[in-house]
Amino acid sequence: GENVEQHPSTLSVQEGDSAVIKCTYSDSASNYFPWYKQELGKRPQLIIDIRSNVGEKKDQRIAVTLNKTAKHFSLHITETQPEDSAVYFCAAAQGGKLIFGQGTELSVKP
Amino acid sequence: SQTIHQWPATLVQPVGSPLSLECTVEGTSNPNLYWYRQAAGRGLQLLFYSVGIGQISSEVPQNLSASRPQDRQFILSSKKLLLSDSGFYLCAWSRTRGAFFGQGTRLTVV
């Protein structure tokens, strides 16, 4: 079945710097890749997603890239702010099944 | 708009007792439904998912079971809880984009 690996597990950046989180997936049939942000004590929230027929998608300060050949996708956050501090999850989906990576704890220091 | 209700928010149960967690979705029809468990250390482990009434896929063999008696209702059950069943249980639904989570149930087995 599908396996999603996410790196790094923790990431600390200075406010204003960029942050990059990378994920790889194993099942080439996966065709949808959402990203989630989970603040402490809250439920995960969808922040951006990309489908397999698109290579890149951007929404203000966040962007996601997908390399289907290499089976990896990445989240890019520019101009980071303290409120970006949270745990971020990538996921891969196909046929209704949605598998998550292990999460990255992002800390943005003022 | 769509909403998802999950209850209870917290639950303390003795070892060997039964469990029933309920999740309902409003504002959509024929959603995919999911149960995830998030143990300390933050990974989202897929337990069950359902693409339709009576269709349940189990991802992890364990003493939990799931049922979907109605289109927008998903129930997680156990006949006898183990200490290792403690964790944060999240119900989610999806249709065309990502998955949207309920508030979660924090289960402590004592």
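Scroll up a little and you will see the structure.
Quick notes on the rules
Residues numbered from 1 in each chain as written. Chains lettered and ligands numbered in written order. Predicted model: local features only at pLDDT ≥ 70, side-chain atom pairs only at ≥ 80, totals over all residues. Heavy atoms only, no water. Disulfide = S-S within 2.5 Å. Helix = DSSP H or I, 4+ residues; strand = E, 2+ residues; numbered from the N terminus. Buried < 20%, exposed > 50% of the residue type's maximum accessible area, 1.4 Å probe, protein only. Phe/Tyr/Trp six-rings, centres within 6.5 Å; stacked < 30°, edge-to-face > 60°. Pairing = 2+ DSSP bridges. Axes fitted to C-alpha atoms, helices over the stretch in contact; angles between N-to-C directions. Contact = heavy atoms within 4.5 Å. Buried area = accessible area lost by both parts, 1.4 Å probe. Salt bridge = Lys/Arg side-chain N within 4 Å of Asp/Glu carboxyl O. Polar contact = N/O pair within 3.5 Å; in protein donor to acceptor, adjacent residues only side chain to side chain. Nonpolar A, V, L, I, M, F, W, Y, C, P; charged D, E, K, R; others polar. Core = buried A, V, L, I, M, F, W, Y, C linked by side-chain atoms within 4.5 Å.

## Some remarks on the state of the cysteines
Considering all chains together, one arrives at two disulfides over all chains under this definition. Note that Cys23(A) is cross-linked by a disulfide to Cys90(A), the S-S spacing being 1.9 Å. Judged by the torsion about the S-S bond (-100°), the Cys23(A)/Cys90(A) disulfide is left-handed. Of this pair, Cys23(A) sits in strand β3 (residues 19-25) while Cys90(A) is found in strand β9 (residues 86-94), placing the two residues 67 residues apart along the sequence. With a relative accessible area of 0%, Cys90(A) lands in the buried category. Note that Cys23(B) is cross-linked by a disulfide to Cys91(B), the S-S spacing being 2.0 Å. In this structure, the disulfide formed by Cys23(B) and Cys91(B) twists by about -80° around the S-S bond and is classed as left-handed. Linking Cys23(B) in strand β3 (residues 19-26) with Cys91(B) in strand β9 (residues 87-94), this pair joins segments that are 68 residues apart in sequence. As far as burial versus exposure is concerned, Cys23(B) and Cys91(B) are alike and both buried.

## Overview of the packing of aromatic side chains
By the definition in use, this model includes 14 aromatic pairs over all chains. Judged by centre distance (5.2 Å) and plane angle (90°), the ring pair of Phe100(A) and Tyr36(B) falls under edge-to-face. Residue Phe100(A) is located in strand β10 (residues 97-100), and its partner Tyr36(B) is located in strand β4 (residues 32-38); the two belong to separate chains. Of the residues examined, Tyr36(B) reaches a relative accessible area of 0% and is grouped as buried. Considering the side-chain rings of Tyr34(B) and Tyr49(B), the 6.4 Å spacing of their centres and the 20° angle between planes classify their relative orientation as stacked.

## Describing the sheet that holds β3(B)
Backbone hydrogen bonds hold the strands of a sheet together, and the pairing may be parallel or antiparallel. Residues and elements named next belong to chain B. Read across the sheet, four strands follow the order β1-β3-β8-β7 without closing on themselves; strand pairing throughout is antiparallel. The open sheet terminates on both sides in strands that have one partner only, identified here as β1 (3-7) and β7 (64-70). Recorded for the sheet is a direction-independent mean angle of 15° between the axes of neighbouring strands. Sheet topology places β1 next to β3; five bridges connect them, and they run antiparallel. Paired with Thr3 across the strands is Glu26, a residue of β3.

## Quick notes on the interface of chain A and chain B
The partner chain B presents 22 residues to the 22 residues of chain A that form the contact. Summed over both partners, the interface of chain A with chain B buries about 1800 Å², with 52% contributed by carbon and sulfur atoms. Where chain A packs against chain B, one counts two salt bridges. Linking chain A with chain B are nine residue pairs in polar contact (both at pLDDT 80 or more). Tallied by class, residues from the side of chain A that touches chain B come to 10 nonpolar, seven polar and five charged.

## Notes on the nonpolar core
Counting residues in each nonpolar core, the largest one holds 43 residues, and the members touching the most others are Trp35(A), Leu98(A), Phe100(A) and Tyr36(B). In terms of residue count, the dominant contributor to this core is β9(A) (eight residues). Sequence-distant contacts of Phe100(A), defined by excluding residues within four places in its chain, comprise Val4(A), Tyr36(A), Phe89(A), Cys90(A), Ala91(A), Tyr36(B), Leu44(B) and Phe101(B).

## A look at the side chain of Gln73(B)
Residue and element names in this part refer to chain B. Here Gln73 lies in strand β8 (residues 73-78). Take Gln73: its relative accessible area is 13%, and that puts it in the buried class. Of note is the side chain of Gln73, whose polar atom sits 2.6 Å from the side chain of Glu22.

## Digging into the environment of Ile53(B)
Residues and elements named next belong to chain B. Looking at where Ile53 falls in the secondary structure, it is placed in the loop between β5 (44-52) and β6 (55-58). In the structure, Ile53 is positioned 51 residues away from Gly104 in sequence and 22 Å away in space, judged by C-alpha atoms. Ignoring anything within four residues of it in the chain, the contact list for Ile53 reads Arg68, Pro69, Gln70 and Asp71.

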